[in-house]
Amino acid sequence: MMVQRWNKKRAHFPLIVFLFLLFIISTILYNERSIQQIHQNPDHDDRHQHQDSISSATPKLPTRPNRVPEVLDRFTTCSSTVKYSGRKAGWTAGKPVRDRRRGTSGRCDVFSGKWVFDNTSYPLYNESRCPYMSDQLACHKHGRSDLGYQYWRWQPHHCNLKRWNVNAMWEKLRGKRLMFVGDSLNRGQWISMVCLLQSVIPADKRSMSPNAPLTIFRAEDYNATIEFLWAPLLVESNSDDPVNHRLDERIMRPDSVLKQASQWEHADILVFNTYLWWRQGPVKLLWSTEENRVCEEVDGLGAMELAMEAWANWVATKADLDKKRIFFATMSPTHLWSREWNPGSEGNCYNEKTPIDDESYWGSGSDLPTMSMVEKVLRRLGSKVTVLNITQLSEYRKDGHPSIFRKFWEPLGPEQLSNPASYSDCIHWCLPGVPDVWNELLFHFL
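Residues numbered from 1 in each chain as written. Predicted model: local features only at pLDDT ≥ 70, side-chain atom pairs only at ≥ 80, totals over all residues. Heavy atoms only, no water.

Enquirer: Give me the lowdown on the overall build of the protein, citing residues and values where you can.
Expert: Helix and strand counts for the protein stand at 11 helices and 15 strands. In the protein, which comprises 446 residues, the proportion classed as buried is 46%. Carbon and sulfur atoms make up 52% of the accessible area of the protein, which totals about 23,900 Å². (Helix = DSSP H or I, 4+ residues; strand = E, 2+ residues; numbered from the N terminus. Buried < 20%, exposed > 50% of the residue type's maximum accessible area, 1.4 Å probe, protein only. Areas by Shrake-Rupley, 256 points an atom, 1.4 Å probe, with all protein chains shown as cover.)

Structure (structure tokens):
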């Protein structure tokens with residue numbers, strides 16, 4: 001009898017085991033599915049736990065799936081354009097604070113002074129001996145025979161700049177990344193810095209990366225780099241390609257520096273600039289939260305203010321200022337109308353050979369409302385940023401531009417060739433020249 005009962009129990013045993021295993025497998029699959037859903041939507045638990053309290057505290061909003069905004073490029077377009085709504089991204093820098101790094105050394109304003117002819121100490125390097133010189137800036141190579149523009153030294157009124165010293169500058173850069181961020185004017189300053197420093201580095205101990213949004217000069221012996229990041233609007237835009245950026249419409253994300261900041265955030269010394277690209281007409285705003293590519297249009301000054309605030313928010317909230325030095329270079333002036341310094345004339349910078357000696361001179365190429373807006377933003381950042389106020393000292397240098405003595409990327413027609421002033425470049429600067437002094441000022445404050 002006992003044997004028969006045992007045999008019946010043994011007959012049911014495999015079935016019980018099978019059901020138990022099936023239960024365990026189902027439980028595991030259910031848990032894995034739940035974990036996967038939580039990873040896909042990390043706010044899952046919070047929504048369920050706090051649903052009642054959220055509903056009572058805030059109005060119900062339509063749910064929107066998590067979405068990473070598409071990266072803007074030169075093929076980006078707006079589906080439609082509307083008038084600017086007045087929206088601001090906002091930043092948290094607080095009230096204006098007292099300046100402690102406003103470009104003064106003790107009681108001396110090094111940006112107030114005059115240009116002194118000095119063919120003994122200048123130029124600080126030879127154009128033809130810098131293998132990294134740009135054809136856009138190599139004026140002597142492209143036919144400029146008067147070299148007086150290379151011999152001017154900036155002299156502050158009541159003090160002296162630190163005398164340029166190549167080895168001392170390399171020691172300041174040892175183990176560091178120096179990065180210039182901005183447009184072609186800042187690229188000119190970067191090339192100037194490379195030319196100022198490269199001569200003491202053996203050829204087999206230095207290198208230059210190919211032209212790209214981020215271009216890097218490396219000095220092996222100092223474990224240092226001098227870099228340039230093309231970011232003409234500072235925020236993300238459809239003009240972030242360093243070569244293909246001549247577009248019919250300018251589109252930017254006024255609330256995002258994430259793409260550029262991922263490149264510049266690890267640099268030790270940063271030099272920013274932005275200005276001339278905002279002078280080319282209205283700008284279209286494509287906010288990061290906009291899913292249907294509906295753009296808002298605003299004038300250049302309004303767009304620049306939005307970009308400056310997005311950049312300033314990064315400085316105020318993200319930059320580790322115990323480890324970084326941040327500089328901002330003010331607007332680089334243009335000399336497009338000779339009547340501004342020589343009333344009655346109808347030329348531009350073409351054939352100009354000496355600086356302007358009127359210390360009160362201020363040309364129309366330097367927009368005062370823009371300068372006022374930039375000053376307001378920088379004042380709120382206070383000592384977080386050192387201002388390189390290059391505008392007034394560069395205003396005097398009508399002689400320092402390439403005019404026709406540079407490489408032009410597009411063929412020049414007969415009408416242009418017969419009238420050199422019509423195609424003169426009165427925006428950029430010959431090298432050696434004015435940007436070298438900008439770098440002397442940078443050296444002075446490091």
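Enquirer: Provide a residue-level description of the sheet that holds strand E15 (residues 386-388), including the pertinent values.
Expert: Read from one edge of the open sheet, seven strands run E7-E8-E9-E6-E11-E14-E15, paired in mixed fashion. At either margin of the open sheet sits one strand with a lone partner, and together these are strand E7 (206-208) and E15. The sheet shows a mean angle of 15° between the axes of neighbouring strands, direction not considered. (Pairing = 2+ DSSP bridges. Axes fitted to C-alpha atoms, helices over the stretch in contact; angles between N-to-C directions.)

Enquirer: Which residues make up the state of the cysteines, and what values do they have?
Expert: In a disulfide, the sulfur atoms of two cysteines are held together by a covalent bond. A complete count under the given rule lists five disulfides for this structure. In this model Cys78 forms its disulfide with Cys295; the gap between the sulfur atoms is 2.0 Å. Handedness of the Cys78-Cys295 disulfide follows from its S-S torsion of about -85°: it is left-handed. Here Cys295 lies in strand E13 (residues 294-298) and Cys78 lies in the loop between helix H3 (51-57) and strand E1 (80-83), a separation of 217 residues in the sequence. Note on accessibility: Cys78 and Cys295 belong to one class, buried. Paired through a disulfide, Cys130 and Cys195 show a sulfur-sulfur distance of 2.1 Å. (Disulfide = S-S within 2.5 Å.)

Enquirer: Talk me through the nonpolar core; I want residue IDs and the actual numbers.
Expert: Buried together is how nonpolar side chains tend to be arranged in soluble globular proteins. Judged by nonpolar contacts, the single largest core of 103 residues is most densely connected at Trp170, Ile226, Met252, Trp264 and Trp311. The element contributing the most residues to this core is helix H7 (residues 300-317), with 10 residues. Among the nonpolar cores identified, the runner-up in size contains five residues, and Cys78, Ile251, Leu286 and Cys295 belong to it. (Core = buried A, V, L, I, M, F, W, Y, C linked by side-chain atoms within 4.5 Å.)

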